[in-house]
Amino acid sequence: RAHLAACSSLWVSNSFIATTYERELDDDGTLEKDVVKRERVYSRGEERRAFLEAMWENGEPVPPQKLAAHQAKREKERRKREKDDQKEGAKEKDRSFGILEPFETAHTGDYDFPSVAADTVDSVPAWRIEVSPRRESEELVRGRAWVEQGSLRAIAEEYEPAKLPGKVHGMTMRIKGGSTDPGCPYPRHMVLRAHGRALIFMKFRFEVEVGLDSVQVNPDLP
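A few points on the structure. Here, residues in each chain are numbered from 1, in the same order as that chain's written sequence. Since the coordinates come from a predicted model, pLDDT governs what is reported: local features require at least 70, and pairs of side-chain atoms require 80 or more to be given and counted, while whole-chain, interface and lining totals use all residues. The side-chain values count all of the structure's non-hydrogen atoms but skip hydrogen atoms and water molecules.

Concerning unusual backbone geometry
For step 1, the next point in the chain: Positive phi, close to 50°, is recorded for N58, a residue that is not glycine.
For step 2, the next point in the chain: Secondary-structure assignment places N58 in the loop between β3 (47-57) and β4 (60-61).
For step 3, the next point in the chain: Backbone geometry places L100, a non-glycine residue, at a positive phi of 50°.
For step 4, the next point in the chain: Buried residues are those whose accessible area, probed at 1.4 Å on protein chains only, stays under 20% of the maximum for their type, while exposed residues exceed 50% and partly exposed ones sit between those limits. We classify L100 as buried; its relative accessible area is 4%. Numbering of helices and strands runs from the N terminus, with a helix taken as a DSSP run of H or I at least four residues long and a strand as a DSSP run of E at least two residues long.

Okay, here's the thing in structure tokens:
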């Protein structure tokens with residue numbers, strides 16, 4: 001927690017390129033539909049801007065006019081959320097499957113860590129830490145995390161929600177960690193898989209994969 005708190009004080013803003021793969025699957029895992037998006041993201045504090053640079057649907061590139069329409073729609077939705085937040089005032093943010101999030105100081109009191117064991121991940125000596133939520137909540141997770149022995153560098157995490165949301169029958173998140181100077185963690189690669197039933201005869205199954213690269217810490221943002 002001390003390491004993450006130190007990183008929070010040093011890491012004021014960042015930018016990165018995110019490539020997102022959204023896949024809708026049949027019950028047997030066969031691909032029904034896939035969308036790929038590449039966007040450049042800038043963030044500072046609670047502010048975040050994402051600019052869509054390219055997009056593919058079922059392997060075919062989206063033409064420039066359609067790409068611009070997608071970007072305009074996303075920006076309109078972002079502005080609406082911003083106005084809604086201002087009207088509602090300060091409120092608790094939705095919790096996510098963020099990198100090492102259960103260990104953040106903000107979650108003191110939300111989790112227990114019942115066991116720690118020596119392990120090896122990709123030939124790296126690591127500590128495997130079990131993560132156990134103290135209450136059943138869609139905002140909390142359960143699972144395990146691996147950090148490098150000595151540096152505590154984030155290596156990998158595997159989570160599921162402490163309570164499944166809505167019609168979702170199963171959901172898992174796997175994260176591979178990266179680190180930047182001075183060793184602050186970020187989610188280098190993430191895969192979310194979920195399945196459930198929306199109506200009696202309507203099943204759904206999807207996965208979302210996100211890769212981050214070109215990460216810059218504290219760039220000179222306008």
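So, a nonpolar patch on the surface
For step 1, the next point in the chain: Nonpolar side chains (Val, Leu, Ile, Met, Phe, Trp, Tyr) within 5 Å and like charges within 9 Å form the patches, drawn only from residues with over 30% relative accessible area and no salt bridge. Accessible areas in this description were obtained via Shrake-Rupley with a 1.4 Å probe; residue shielding takes into account the shown protein chains only. Definition used for salt bridges: Asp or Glu carboxyl oxygen within 4 Å of a side-chain nitrogen of Lys or Arg. On the surface, a nonpolar cluster with roughly 270 Å² of combined accessible area is contributed by V116, W127 and L152.
For step 2, the next point in the chain: Looking at the element boundaries, W127 is found in strand β7 (residues 124-133).

A look at the side chain of H107
For step 1, the next point in the chain: With respect to the secondary-structure elements, H107 resides in the loop between α2 (64-88) and β5 (111-112).
For step 2, the next point in the chain: Judged by its relative accessible area of 6%, H107 is buried.
For step 3, the next point in the chain: Whenever a nitrogen or oxygen atom comes within 3.5 Å of another N or O atom, the pair is scored as a polar contact, on the condition that within protein one atom can donate a hydrogen and the other can accept it, and that pairs from neighbouring residues in sequence are kept only if both atoms are in side chains. Among the polar contacts listed, one links the side chain of H107 to the side chain of E101, at a separation of 3.1 Å.

Observations concerning the state of the cysteines
For step 1, the next point in the chain: The disulfide criterion is simple: two cysteine sulfur atoms within 2.5 Å. For the coordinates displayed, the defined rule picks out one disulfide.
For step 2, the next point in the chain: A sulfur-sulfur separation of 2.2 Å characterises the disulfide bridge that pairs C7 with C184. Note on the C7 and C184 pair: the S-S dihedral is about -95°, so by sign convention the disulfide is left-handed. Of the two residues, C7 sits in helix α1 (residues 2-10) while C184 sits in strand β11 (residues 184-199), which places them 177 residues apart along the sequence.

Some remarks on the pairing of β11
For step 1, the next point in the chain: Pairing between two strands requires that DSSP report at least two bridges joining them. Two elements, strand β10 (residues 168-180) and β11, share 12 bridges in a ladder whose sense is antiparallel. Note on β11: the bridge partner recorded for K176 is H189.
For step 2, the next point in the chain: The antiparallel pairing of β10 with β11 creates a hairpin that spans three residues between the two strands, and G183 there sits at a positive phi of about 85°.
For step 3, the next point in the chain: The sheet contact formed by β11 and strand β12 (residues 202-217) spans 10 bridges and is antiparallel. The residue bridging G196 from the neighbouring strand is F204, located in β12.

A look at the pattern of salt bridges
For step 1, the next point in the chain: By the definition in use, this model includes 21 salt bridges.
For step 2, the next point in the chain: A salt bridge links E39 to R74; the shortest N-O distance between them is 2.2 Å. Of this pair, E39 sits in strand β2 (residues 31-44) while R74 sits in helix α2, placing them 35 residues apart in sequence.
For step 3, the next point in the chain: E39 sits in the buried class, given a relative accessible area of 12%.
For step 4, the next point in the chain: A salt bridge links E53 to R40; the nearest nitrogen and oxygen atoms lie 2.9 Å apart. Pair noted here: E53 is in strand β3 and R40 is in strand β2, with a separation of 13 residues, a long-range link.

Describing the nonpolar core
For step 1, the next point in the chain: We define a nonpolar core as any set of buried Ala, Val, Leu, Ile, Met, Phe, Trp, Tyr and Cys residues linked to one another through side-chain atoms lying within 4.5 Å. Membership of the largest hydrophobic core comes to 30 residues, with the highest contact counts inside it found for L100, F103, Y159, M190 and L212.
For step 2, the next point in the chain: Contributions of two or more residues to this core are made by α1, β1 (13-25), β7, β8 (141-148), β9 (154-161), β10, β11 and β12.
For step 3, the next point in the chain: The leading source of residues in this core is β11, at five residues.
For step 4, the next point in the chain: Membership of the second largest hydrophobic core comes to six residues, among which are V124, W146, I155 and A156.

As for the packing of aromatic side chains
For step 1, the next point in the chain: Pairs were defined over the aromatic rings of Phe, Tyr and Trp, the Trp ring being its six-membered one, requiring ring centres within 6.5 Å. Orientation was assigned from the angle between planes: stacked under 30 degrees, edge-to-face over 60, tilted for the rest. Here the structure, examined in full by the defined rule, presents three aromatic pairs.
For step 2, the next point in the chain: Look at Y42 and F51: their rings are 6.0 Å apart centre to centre, the planes differ by 70°, and that puts the pair in the edge-to-face class.
For step 3, the next point in the chain: Between F204 and F206 the ring centres are 6.4 Å apart and the planes differ by 20°, which places this aromatic pair in the stacked class.
For step 4, the next point in the chain: Judged by its relative accessible area of 25%, F204 is partly exposed.
For step 5, the next point in the chain: Judged by relative accessible area, F206 falls into the partly exposed class, the value being 28%.

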